[in-house]
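# Chain and residue survey
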Amino acid sequence: MKRLQVKKVLLSGLLLLSAGALYGCGETPYELEPDEEAIIVNYAAHIVAKYNMKQPEGYQYVYISEDDEAEAEDQTEDPEQDQTGDTAQTSDQADTTDGAPQGSDTTTLSEALGLKKVRAVYTGAELTDRYDETVVPESGKQLLVLHVALQNPTEKTQGCDLLAILPKFRVKVNQSVEANSELTIMPDNLATWEEDLPAGAIEDTVIIFQLDQNAVTQIDQLELEVTTEKQTSRVVFL
């Protein structure tokens, strides 16, 4: 609950800041960064969905525009087109991993996020038509949910503020299907997670992507591109 309250305060501040930009005294208006705009849009959509009693489907995403998607694809090396297959099914991984380096160009998820005393451990992935009964994909899409456990193996409370760096994630499944992560204000969203972890504590978080409904039916290979202000890293899980 504390995490959600902190995010609401932050997002409310951003909303007030954007509103204040509309009223000036001859000063140059404040221009929102793209990440700030995305958070505000998703927050507004969430509030509308929460109080709209005629919307049984729950929270619907506000998706990235085609122009933004094209720009993101241009930043990757020769991305291939999504491939089609049979109907979607769930794929859970029995083993947990921090993303073991597979070569000189790979790293762990903890290192990619700049975590020192807290570990980010991949615990599995699933293909589903909704998450937590509230998050649903757009028509013709399915959700890919990556589960990541934040662990504090030390004997002292450790702070973990990923909201401050707002990492961006791009997934590659089976060496062919790629997608950018969805930005949400869900309490367990890894990209916006901010909380103190007591000694020995473990918190479950998720990264959510959208894939074409029949693009992936089984997860055989899985890797993640993690981008922060400091670096872009490649993490291989499978």
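Within each chain, residues carry numbers counting from 1 in the order of the written sequence. It should be noted that, the model being predicted, local features are given only for residues of pLDDT at least 70 and side-chain atom pairs only at 80 or more, the latter also being counted only at that level, while totals for whole chains, interfaces and linings use all residues. Excluding hydrogens and water, the side-chain figures rest on all heavy atoms present in the structure.

## Section: the overall build of the chain
To be explicit about the condition: Helix and strand definitions follow DSSP, with helices as H or I runs of at least four residues and strands as E runs of at least two, each counted in order from the N terminus. Note on classification: 1.4 Å probe, protein chains only; a residue is buried when its accessible area is under 20% of the maximum for its type, exposed when over 50%, partly exposed between these limits. By definition in these notes, contact holds between two residues if any of their heavy atoms fall within 4.5 Å. Note on areas: Shrake-Rupley, 1.4 Å probe, and residue coverage restricted to the protein chains presented here.
Across its full length, the chain carries 4 helices and 11 strands. Looking at the chain as a whole, 42% of its 238 residues are labelled buried. Taking all contacts inside the chain whose residues are at least 6 apart in sequence as the whole, residues at least 24 apart take part in 75%. As displayed, the chain offers around 13,600 Å² of accessible surface, 47% of which is attributable to carbon and sulfur atoms.

## Details of the pairing of strand E7 (residues 177-180)
Which entries qualify depends on this criterion: Strand pairing is assigned whenever DSSP detects at least two bridges linking the two strands.
Alternating positions in E7 separate into two faces, Val177 and Ala179 on one and Glu178 and Asn180 on the other, with burial throughout. Where strand E6 (residues 168-173) and E7 come together, 4 bridges link them in antiparallel fashion. Residue pairing for E7: Lys172 is matched across the bridge by Glu178. What sits between E6 and E7 in their antiparallel hairpin is a turn of 3 residues, with Asn174 showing a positive phi close to 55°.

## With respect to the pairing of strand E11 (residues 232-236)
With 5 bridges joining them, strand E10 (residues 222-227) and E11 adopt antiparallel strand pairing. Across the sheet, Thr227 pairs through a bridge with Thr232, a residue of E11. Linking E10 back to E11 in an antiparallel pair, the connection comprises 4 residues.

## What about the sheet that holds strand E4 (residues 141-151)?
The condition that has to hold: Between N-to-C directions, angles span 0 to 180 degrees; the directions come from axes that are lines fitted to C-alpha atoms, helices contributing only their stretch in contact.
Overall, antiparallel pairing links the 3 strands, which are arranged E2-E4-E9 in an open sheet. Of all the strands in the sheet, the pair left with one neighbour each is strand E2 (119-128) and strand E9 (202-212). The mean angle between the axes of side-by-side strands here comes to 20°, regardless of whether they run parallel or antiparallel. Direction of pairing for E4 relative to E9: antiparallel, over a ladder of 11 bridges. The partner of Leu146 across the bridge, within E9, is Ile207.

## Side note on the environment of Gln151
Structurally, Gln151 can be placed in strand E4. With 46 residues separating them in the primary sequence, Gln151 and Leu197 have C-alpha atoms 7.8 Å apart. For Gln151, the contacting residues outside a window of four places in its chain are Lys117, Val118, Arg119, Val121, Leu197, Ala201 and Ile202.

## Here we look at the pattern of salt bridges
Our working rule: Counted as salt bridges are all cases of a side-chain nitrogen of Lys or Arg within 4 Å of a carboxyl oxygen of Asp or Glu.
For the coordinates displayed, the defined rule picks out 5 salt bridges. Across the pair Asp212 and Lys141 runs a salt bridge whose closest N-O atoms are separated by 2.9 Å. Taken together, the positions of Asp212 in strand E9 and Lys141 in strand E4 put the pair 71 residues apart, joining distant regions of the chain. Among the residues examined, Asp212 registers a relative accessible area of 30% and is labelled partly exposed. Using a relative accessible area of 25% as the deciding quantity, one classes Lys141 as partly exposed. A salt bridge links Arg170 to Glu178; its shortest N-O distance comes to 3.0 Å. The buried category is assigned to Arg170, whose relative accessible area is 7%.

## Focus: the confidence of the model for the chain
We count it as follows: Predictor confidence is given residue by residue as pLDDT, running from a minimum of 0 to a maximum of 100.
For the chain, the mean per-residue pLDDT works out to 75, and 56% of the residues sit at or above 70. Across residues 18-26, where pLDDT falls below 50, the model places 4 contacts with residues more than four positions away in sequence or in other chains. Across residues 75-95 the pLDDT falls below 50, and counting only partners more than four positions away or on other chains, this stretch makes 46 contacts in the model.

## Brief notes about the sheet that holds E11
As summarised here, the arrangement of the 4 strands in space is E7-E6-E10-E11, forming an open sheet in which the pairing is antiparallel. In the strand order of this sheet, the two ends are held by E7 and E11, each with one partner. The mean angle between the axes of side-by-side strands here comes to 20°, regardless of whether they run parallel or antiparallel.

## Some words on the side chain of Ser181
As for its position among the elements, Ser181 is in the loop between E7 and strand E8 (194-197). On the basis of relative accessibility, which here comes to 17%, the residue Ser181 falls in the buried class. Those residues in contact with Ser181 that sit more than four places away from it in its chain are Phe169, Ile207, Ile208 and Phe209.

## Points about the packing of aromatic side chains
Both the distance between ring centres and the angle between the ring planes are used here to describe each pair of aromatic rings. This is how it is decided: Only the six-membered ring of Trp is used, alongside the rings of Phe and Tyr, when aromatic pairs are assigned; centres must lie within 6.5 Å, and planes under 30 degrees apart are stacked while those over 60 apart are edge-to-face, with the rest tilted.
Following the criterion strictly, the structure yields 1 aromatic pair and no others. Plain terms: the ring middles of Tyr122 and Phe237 are 4.4 Å apart, the flat faces sit at 15° to each other, and that makes the pair stacked. One end of the pair, Tyr122, is in strand E2; the other, Phe237, is in the segment after E11, and 115 residues separate them in sequence. Note on accessibility: Tyr122 and Phe237 belong to one class, buried.

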